[in-house]
Amino acid sequence: MTRRTFIKYGIGAAVGVPLLSGAYAKWVEPYQLKRRTLTIASERIPASFDGVTIAHLSDLHYGEFVTKDHVANIFAQIMASKPDMICFTGDLVEDHVMPAEAIIELMLKLQAPLGKYAVLGNHDYVRDSRAYLSSDPTDLVTASLEAAGFHVLTNKHHQIHYKDTSIAVAGIDDALEGNPDMETALYGCPPNIWCMLLAHEPDWADIASRYPIDLQLSGHSHGGQVRVPIVGPLMLPLMAKKYPDGMYQISRNQAKFPEKPTLQLHTSRGVGMTLMPIRFFCPPEWTLITLRKETKSSTS
Ligand SMILES: [Fe+2]
């Protein structure tokens, strides 16, 4: 290879690789929705809930970057798995650039026999005023979710009864912009029931572990949204730095909860995008969780 050819190829690579990477991050990867599968087993999951499936969906960010067509496509992929329950862990909209009510019709297509549950995320609050907003923006998100059949668990819990047994799903207000309150969320919830918590920010798990929660579902991190090979995520948001992606086991005070020695946490990378319409080495995902009744013999 002559020196001139070497320089020519060098310039071509220096210009071409960033251009191709940018095009891939904007036009290809954001639409490569993955389904993560996960099994959660516990002795305290009632036998009648053995095999129940939960679709964990997070960080839709409907707005400028995630259009109605994109949302429809995501929901169709989820419904193809026919989940028994659907749990949404916040950021329905991207800072109210588009009104949440515009996707009520699409959210109605999410159907699950054991119900749909949601909490708010930090982007469901708004940082500047939007012309169309005539009332509290979080009320608009809550109203849209409720109109689409979701139980919005802002510092609340709900018991799901099935074949004479129950589990609980609790939720808290957003930890960065709202007023999360675990005591209020769990008020009246039997302490020994198998209980799942929806909390937008995953690092909330350090606080949730002080309460009788079995499984926390979170989002918020987007997995970093842009990852550099070997290096990892370029940036992680506040309260998603410790538990940014996947499954974690958090030990807790065993004297306080002898039957619940660990809190399990699942952080989803989410389906949408924020700040920039790109994803790189961090494709969007939703998770299909299967509950399993664990027996003493199956754990030994
Ligand atoms: Fe988000």
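Residues numbered from 1 in each chain as written. Predicted model: local features only at pLDDT ≥ 70, side-chain atom pairs only at ≥ 80, totals over all residues. Heavy atoms only, no water.

The name recorded for the chain in an unreviewed UniProt entry is Metallophosphoesterase, from Paenibacillus agilis.

All right, on to the coordination of the iron ion then. Around a metal, the idealised angle for a tetrahedral arrangement of four donor atoms is 109.5 degrees; for an octahedral arrangement of six donor atoms it is 90 or 180 degrees. Within the protein, the atoms that donate to the iron ion are Asp59 (OD), His61 (NE2), Asp91 (OD) and His222 (NE2), at distances of 2.0 to 2.3 Å. Coordination at the iron ion is irregular: its four donor atoms span angles of 86 to 172° at the metal. Positions of the donor residues of the iron ion, expressed as sequence spacing, correspond to D-x1-H-x29-D-x130-H. Taken together, the positions of His61 in the loop between strand 2 (53-57) and helix 2 (68-79) and Asp91 in the loop between strand 3 (85-88) and helix 3 (104-107) put the pair 30 residues apart, joining distant regions of the chain. For the pair shown, His61 and Asp91 are each scored as buried. (Donors = N, O, S within 2.8 Å, 3.2 Å for Na, K, Ca; no water. Tetrahedral: all angles 85-135°; square planar, octahedral: opposite > 155°, others 65-115°. Helix = DSSP H or I, 4+ residues; strand = E, 2+ residues; numbered from the N terminus. Buried < 20%, exposed > 50% of the residue type's maximum accessible area, 1.4 Å probe, protein only.)

Pairing is mixed across the open sheet formed by six strands, whose spatial order is 1-14-2-3-4-5. With one partner strand each, in any of the chains shown, strand 1 (34-42) and strand 5 (150-152) form the two edges of the open sheet. Each strand of the sheet is rotated relative to its neighbour by a mean of 25°, with strand direction disregarded. Relative to strand 3, strand 2 is paired through four bridges, and the arrangement is parallel. Bridging from a neighbouring strand, Ala55 pairs with Ile86 of strand 3. Strand contacts of helix 2: strand 2, strand 3 and strand 14 (285-293), with the helix running at about 160° to strand 2, the strand carrying the most contacts. Against the sheet, helix 4 (residues 137-147) touches strand 4 (116-118) and strand 5, its axis set at about 145° to strand 5. (Pairing = 2+ DSSP bridges. Axes fitted to C-alpha atoms, helices over the stretch in contact; angles between N-to-C directions. Contact = heavy atoms within 4.5 Å.)

Looking now at the pairing of strand 13 (residues 262-267). Burial runs high along strand 13: five of the six residues are buried. Pairing geometry for strand 9 (residues 215-218) and strand 13, over four bridges, is parallel. Counterpart to Leu215 in the pairing with strand 13 is Gln264. Sheet topology note: the strand 12 (residues 246-251)/strand 13 ladder contains six bridges and is antiparallel. Residue Gln249 lies in a different strand from strand 13, and its bridge partner there is Gln264.

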